[in-house]
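Given next are the chains, with one letter for each unit.
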Amino acid sequence: MIRKSLIVLFVILTAWSCRDSYGYGVVLWSANEIELTSGSIVRIVGESPRREIFRVQHPDTKAIIEVDKWRLEQFPKRQQAQAYLEEYIPFLRTYTEVRKSALPMREDALVSSKSVYSLRDGQVMKVLGRAKEREQIGGYKAYWYHLLSSDGVQGWTYGRFLREYTLSESGQAIYDEKDYTGDAILENFFDPINVWHPAYMYDMVKDKAVHLSLMREEYGLFINPESKVISIRLPDQNVDFTYTRITPVGGDAYMFVDSPFSFTLKPNLVQARYTLRGQKYTPEFRTLEKGIKDIIAEEETRRGQKYRNFMEAGPILHSEMATINFSGNGRFIMSNMTGLLQLQTLLESDGYEGVVLFDVMLEESLLKKYDGAISFVFDASGKRLTFVYHMGVGGFEATLVAYVPDNKIILPQHIGAINTIFAR
């Protein structure tokens, strides 16, 4: 019987190893803040490898407490633990809420690093640290977070789908007063460098079909997080909504509480949704690589160069329809207009002079055949005569446009059959 008791005692002593020193630990995430607070430095006095538990000495009461190993960061010396704690203190009460399932947690703060854990939508993670700078990945700019899961796994996760918050002493989640700080997707939207203009502006620049009347700085989606006012400015719409807070509703979608407005955020794309006077609207907004003033200046330069090209080809050019004098300063004088008058394309009351405009654009498929579109707008009547053209040496080939749509983008079906050549 005595021998059996000795064996049992030996097993117990083996299970709780009795080295002189196990070093010190920093409590990362306490299971019981009343018993032992997070951020405490404790002396480790024993361990149970089988149960993955440390026995630690409470820093104040000196009582021996059992703590899960994963809840501590272990160091050989107290000075090392103290140095670590100083870096950890800013994140002592910081947590994140995961907003996407199967979000990877990696060994290092690199997208190429090995995945060590898969996060779940709604899961709460303890923040151990954060990269010093945001990193641009795709259309988003966010921090990498050093995280600890409630089942003891550490790793790094890119913050696009994480919502950072602070836990008060009473256990209440406290978000930044701006109600978007800590949310990488919303922070990307509110970043001062991002101005959200109507998506058609982005398309015009991409297609090199800029309409100056639609390219205005005041057009866009503007949200003031301090006054909590949403302002939508479009060529045909000018509306404001107020809201009380922004709430994520899944994925990249957000609801603006107590307003009819919501949106979904994608890389460089805001898909807005709202109801106004019973009608639903879904405008889209994007950021531009250049400022509006720069885009306008470049477009005006482009149009000025086109006019100079016609002056250099002429400046006086003749055809069986009419004679055109590119008289300078963006103007024209037209004479010998018998051909145009017979076609009833022009009337004598339209006059014979006006301005040359290059504000009509071509649909992409037409650019293979034509160099562009030129419009002659007569002073007397405001009548517009538009041709698609192909430049040549000493002149240009022109085909009359039968119809110019409101958006001023010419499609193949808008081009008529009347063709002529203007030459010196």
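Right, let's talk about the sheet that holds strand β17 (residues 220-224) for a bit. Ordered in space as β17-β18-β19, the three strands form an open sheet in which the pairing is antiparallel. Each having just a single partner strand, β17 and β19 (237-242) make up the two edges of the open sheet. Averaged over all neighbouring strand pairs, the angle between strand axes comes to 10°, with direction disregarded. Relative to strand β18 (residues 229-234), β17 runs antiparallel, the two sharing five bridges. Following the sheet pairing, L221 is matched in β18 by I232.

Moving on, we come to the packing of aromatic side chains. Evaluated as defined, the whole model comprises 30 aromatic pairs. Relative to F263, the ring of F261 has its centre 5.8 Å away and its plane inclined at 80°; by these criteria the two rings are edge-to-face. By the burial criterion, F261 is buried, and F263 matches it. Summarising the aromatic geometry, the rings of F376 and F387 are spaced 6.2 Å apart at their centres and angled 75° between planes, so their arrangement reads as edge-to-face. Taken together, the residues span a long stretch of sequence, with F376 in strand β31 (residues 372-378) and F387 in strand β32 (residues 384-392) at a distance of eleven residues. Accessibility classification places F376 together with F387 in one group, the buried group. One aromatic cluster in this structure is built from F189, F190, W196, F241, Y243, Y254, F256, F261, F263, Y274 and Y281. For the cation-ring pair, R130 lies above Y143, with the distance from its terminal atom to the ring centre recorded as 4.0 Å. Seen from the ring of Y202, R286 lies directly overhead, with NZ or CZ sitting 4.7 Å from the centre.

Following the criterion strictly, the structure yields 16 salt bridges and no others. Between K408 and D359 there is a salt bridge, and its shortest N-O distance comes to 2.9 Å. A residue pair is termed long-range when its members are at least 10 positions apart, and K408 in the loop between β33 (395-401) and β34 (409-410) and D359 in the loop between β29 (353-357) and β30 (361-362) qualify at 49 residues. For K408, a relative accessible area of 26% gives the class partly exposed. Residue D359 is classed as buried on the basis of its relative accessible area, which comes to 10%. Here the residues in one salt-bridge network are R160, D252 and K266, joined through shared partners.

One can find R93 in the loop between α2 (78-88) and β6 (94-98). Taking C-alpha positions, R93 is 9.3 Å from G39, a pair spaced 54 residues apart along the chain. Within the structure, the side chain of R93 is placed 3.0 Å from the backbone oxygen of S168, a separation counted as a polar contact.

For the rest of this paragraph, the subject is unusual backbone geometry. That bond from G314 to P315 is cis: its omega, 5°, falls within 30 degrees of zero. Checked against the element boundaries, P315 lands in the loop between α5 (292-313) and β26 (316-318). Of note, the phi angle at K228 is positive, near 55°, even though the residue is not glycine. Within the fold, K228 resides in the loop between β17 and β18. Residue D258 is not a glycine yet carries a positive backbone phi of 65°. Relative to the assigned elements, D258 resides in the loop between β21 (253-256) and β22 (262-266).

The rules behind the values
- Residues numbered from 1 in each chain as written.
- Predicted model: local features only at pLDDT ≥ 70, side-chain atom pairs only at ≥ 80, totals over all residues.
- Heavy atoms only, no water.
- Pairing = 2+ DSSP bridges.
- Helix = DSSP H or I, 4+ residues; strand = E, 2+ residues; numbered from the N terminus.
- Axes fitted to C-alpha atoms, helices over the stretch in contact; angles between N-to-C directions.
- Phe/Tyr/Trp six-rings, centres within 6.5 Å; stacked < 30°, edge-to-face > 60°.
- Buried < 20%, exposed > 50% of the residue type's maximum accessible area, 1.4 Å probe, protein only.
- Lys NZ or Arg CZ within 6 Å of the ring centre and 35° of its normal.
- Salt bridge = Lys/Arg side-chain N within 4 Å of Asp/Glu carboxyl O.
- Polar contact = N/O pair within 3.5 Å; in protein donor to acceptor, adjacent residues only side chain to side chain.

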